[in-house]
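# Summary of structural features
Each chain is listed here by its residues.
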Amino acid sequence: MSNWSEVVALEDIPRLGSRVVKTDTVNIAVFRTASDEVFAMKDECPHKQGPLSQGIVHGTSVTCPLHNWKIDLASGEALGPDEGCTNVFPVKIENGMVFIDFKMAVAA
Ligand code: FES
């Protein structure tokens, strides 16, 4: 069963940047790409828990600010020679608002 929650307005997320949504258990980075696609994932790099929300978005990946691992925004998986995965959450946009399905977190 899905559990969509309205979290932020699309226009409040900077293009090629992110906003952090805090829940009781996890901080979620909500990213916006140059083409206004939105992705949500746990704000924790699979390498050493770097804050991915402070990384730079390129296409549909983000570069971790600590050691430059590149993480795929759709799958949460590290790209290139690096290996690891962080939790991603389903997102949808309706009427300019971003919704996250917290119940459907994809296990890392
Ligand atoms: S913590 Fe992200 S690359 Fe090291």
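The structure reproduced in this document is the subject of the present report. Predicted model only: the values in this text are computed from it and were never measured. (Residues numbered from 1 in each chain as written. Predicted model: local features only at pLDDT ≥ 70, side-chain atom pairs only at ≥ 80, totals over all residues.)

Of regular secondary structure, the protein possesses 0 helices and 10 strands. Written out in order from the N terminus, the α and β elements of the protein read β-β-β-β-β-β-β-β-β-β. The C-alpha radius of gyration of the protein comes to 13 Å, within 12% of the 13 Å expected for a compact globule of 108 residues. With the C-alpha coordinates of the protein rotated into their principal frame, the extents come out at 40 × 30 × 20 Å. Expressed as a percentage of contacts within the protein between residues at least 6 apart in sequence, the contacts between residues at least 24 apart total 39%. (Helix = DSSP H or I, 4+ residues; strand = E, 2+ residues; numbered from the N terminus. Rg over C-alpha atoms; globule rule 2.2 N^0.38 Å. Contact = placed C-beta atoms within 7 Å.)

Below, the discussion takes up the nonpolar core. One finds I28, V30, F31, A40, M41, L52 and I71 to be the most contacted residues of the largest nonpolar core, which totals 22 residues. By residue number, the principal contributor to this core is strand β3 (residues 27–32), which donates 4 residues. Discounting residues that sit within four places of it in the chain, I71 has contacts with C45, L52, S61, V62, C64, G76, A78, L79 and T86. (Core = buried A, V, L, I, M, F, W, Y, C linked by C-beta atoms within 7 Å. Buried ≥ 20, exposed ≤ 12 C-beta atoms within 10 Å, placed from the backbone.)

Take V38: it is sitting in strand β4 (residues 38–42). For V38, a count of 19 C-beta atoms within 10 Å translates into the label partly exposed. Spatially, the C-alpha atom of V38 lies 9.7 Å from that of R15, the residues being 23 residues apart in sequence.

Here we have 3 strands laid out as an open sheet, ordered β5-β6-β7, and antiparallel in their pairing. Strand pairing shows two members of the sheet lacking a second neighbour, β5 (56–58) and β7 (70–72), which therefore form its edges. This sheet shows a mean twist of 30° between the axes of neighbouring strands, independent of strand direction. (Pairing = 2+ DSSP bridges. Axes fitted to C-alpha atoms, helices over the stretch in contact; angles between N-to-C directions.)

What follows concerns the sheet that holds strand β8 (residues 88–89). Taken in spatial order, the 4 strands of this open sheet run β2-β3-β4-β8, and their pairing is antiparallel. Unpaired on one side and paired on the other, β2 (17–22) and β8 mark the two borders of the sheet. Summarising the sheet, β4 and β8 pair through 2 bridges and their orientation is antiparallel. What sits directly across from A40, in β8, is F89.

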